[in-house]
Amino acid sequence: MLKRLRTRRPVLFCICAEVFFLVIMMLGVYTAAFTLLFFGVDVLSMDDYTLTLLQELIGAAAALFLLFRTGRQHLLTRRGAGFLDGLLVGMYPLALICYSFIVQLLINRPADTPLRSPVHIITFIIAMFSVGVAEELLFRAVIAQTLLEKFGASYGGLWKACLLSGFLFSLAHMTNMLGSEPFGVLMQCVFTMALGTLLTAVYFRTGNIWIPVFLHGFMDVSSMTIGGLYGTQTVSEAVSGYDVSMLYSVLIYILPVFFLLRRSRIQQVELYFAPELAPAQSAEE
């Protein structure tokens, strides 16, 4: 059924995949929390990042389910441009992330607050990277891949796939309304649409899902470095603090997409994704 929906109604499939992903994550984490309570575990005293890790592992499992059920599990092992060469393609966002990480450590580090315990720090790092794993498996390997096969690897087709996947990526962050200030969430959604568009472009240009996974995970760790290392801020508090300055990030992340998807490089996308694009092209003919 999923394969048929993906083939005949790809956009509807993408929307359903996102809803499935979010619902499974929500139900899964609540089920796990109630199970832990049943066995006497004080869930309320658990570290926020432990709960984040649990939630994202459930989300990753949901994304993997969709990949395997639609016959796209081979995307997990596709080498494409290779990891190191792929990082060169994604050098622009990687440089921005490194800059942000260094600035956080040098400027925003609290003077009188001690580091959290090694266990808490390791949990923070793994949890933030797990966000990148779960969301990239869904929004790039499942959704962007589906849209690429629908729209094709033409210049216009790639832009349609990038923008629509970025839009769906931003909508998923509306769920943060449950714990953060609405205006901050709105600014986050604007930012994540631009980011999702860029990550999709990187995925198309590299043919390797683990490049956007790494970039996304590293970005999440970088954005919460101080909160994760010193416990001074939670993710929901950080989102609540987003303001109109986040609008600058739209240009910062959209402009390099024009460079990545320039016409002279489209043949690389066709090369990496030829096995999936060939059936669609044959159907059109």
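As the structure is a computational prediction, the values presented were derived from the model and not from experiment. (Residues numbered from 1 in each chain as written. Predicted model: local features only at pLDDT ≥ 70, side-chain atom pairs only at ≥ 80, totals over all residues. Heavy atoms only, no water.)

## Describing the packing of aromatic side chains
Applying the stated criterion across every chain yields a total of 14 aromatic pairs. Seen from their ring centres, tyrosine 203 and phenylalanine 273 are 5.4 Å apart, and the 70° between their planes marks the pair as edge-to-face. You can see tyrosine 203 sitting in helix α8 (residues 182–206) and its partner phenylalanine 273 sitting in the loop between α13 (266–272) and α14 (274–284), a full 70 residues away along the chain. By relative accessible area, which is 0% here, phenylalanine 273 ends up buried. Between phenylalanine 214 and phenylalanine 218 the ring centres are 5.9 Å apart and the planes differ by 45°, which places this aromatic pair in the tilted class. Here phenylalanine 214 and its partner phenylalanine 218 are both found in helix α9 (residues 210–223), four residues apart, which amounts to about one turn of the helix. An aromatic cluster of at least three residues, connected via ring pairs, comprises Phe83, Phe101, Phe129, Phe214 and Phe218. (Phe/Tyr/Trp six-rings, centres within 6.5 Å; stacked < 30°, edge-to-face > 60°. Helix = DSSP H or I, 4+ residues; strand = E, 2+ residues; numbered from the N terminus. Buried < 20%, exposed > 50% of the residue type's maximum accessible area, 1.4 Å probe, protein only.)

## Some details on helix α6 (residues 118–151)
Taking 1.5 Å per residue as the helical rise, α6 with its 34 residues ought to reach 50 Å, and the 47 Å between its terminal C-alpha atoms agrees with that figure. Among the 34 residues that make up α6, 24 are buried, leaving the element largely enclosed by the rest of the structure. Glycine 152 occupies a position one or two residues after α6 and carries a positive phi of about 85°. (Expected span 1.5 Å × (residues − 1).)

## Examining the side chain of threonine 123
On the secondary structure map, threonine 123 appears in helix α6. Aside from chain neighbours lying at most four places away, what touches threonine 123 is Asp47, Tyr49 and Thr50. (Contact = heavy atoms within 4.5 Å.)

## Here we look at the UniProt feature "domain: CAAX prenyl protease 2/Lysostaphin resistance protein A-like" (unreviewed entry) in the protein chain
Within the UniProt annotation, "domain: CAAX prenyl protease 2/Lysostaphin resistance protein A-like" (unreviewed entry) is assigned to residues 121–221. Helix makes up 85% of residues 121–221 and strand 0%, whereas the separation of the span's terminal C-alpha atoms amounts to 11 Å. (UniProt positions renumbered as here; feature names shortened; annotations may be inferred.)

## A word on the side chain of threonine 192
Here threonine 192 shows up in helix α8. Dropping the residues within four chain positions of it, threonine 192 is found in contact with Gly166, Phe169, Ser170 and His173.

## Some thoughts on the UniProt feature "transmembrane region" (unreviewed entry) in the protein chain
According to UniProt, the "transmembrane region" (unreviewed entry) feature falls on residues 12–37, 49–68, 80–107, 119–139, 151–171, 183–204, 209–230 and 242–261. End C-alpha atoms of residues 12–37 are separated by 37 Å, and the span's content is 100% helix alongside 0% strand. Overall, residues 242–261 shows 65% helix and 0% strand. The separation of its end C-alpha atoms is 29 Å.

## Considering the packing of α8 against α9
Two quantities define a packed helix pair, namely the angle between the helix axes and the distance between the axes. Contact geometry of α8 with α9 gives a least axis separation of 9 Å together with a crossing angle of 150°. Of the possible angle classes, the one that applies to α8 and α9 is roughly antiparallel. When α8 is examined against α9, the residues Phe191, Leu195, Leu199, Val202, Tyr203 and Thr206 are found in contact with a partner set consisting of Ile211, Pro212, Leu215, His216 and Met219. Residues that form the contact of α8 with α9 fall into these classes: nine nonpolar, two polar and no charged. (Axes fitted to C-alpha atoms, helices over the stretch in contact; angles between N-to-C directions. Parallel < 35°, antiparallel > 145°, perpendicular 65-115°, else oblique. Nonpolar A, V, L, I, M, F, W, Y, C, P; charged D, E, K, R; others polar.)

## Quick word on the pattern of salt bridges
With the rule as written, the count across this model stands at five salt bridges. Notably, a salt bridge pairs arginine 140 with glutamate 136, separated by 2.7 Å at the nearest N-O pair. Placement of both arginine 140 and glutamate 136 in helix α6 is noted, with a separation of four residues, approximately one turn of the helix. As far as burial versus exposure is concerned, arginine 140 and glutamate 136 are alike and both buried. Through salt bridges with shared partners, one network takes in Arg6, Arg72 and Glu149. (Salt bridge = Lys/Arg side-chain N within 4 Å of Asp/Glu carboxyl O.)

## Let's talk about the nonpolar core
Across soluble globular proteins, nonpolar side chains show a tendency to be buried alongside one another. Ranked by internal contacts, the top residues of the largest apolar core, which has 62 residues, are Leu138, Val142, Ile143, Phe204 and Phe273. In terms of nonpolar packing, the next biggest core, distinct from the first, is built from eight residues, Tyr49, Val131, Met224 and Ala238 among them. (Core = buried A, V, L, I, M, F, W, Y, C linked by side-chain atoms within 4.5 Å.)

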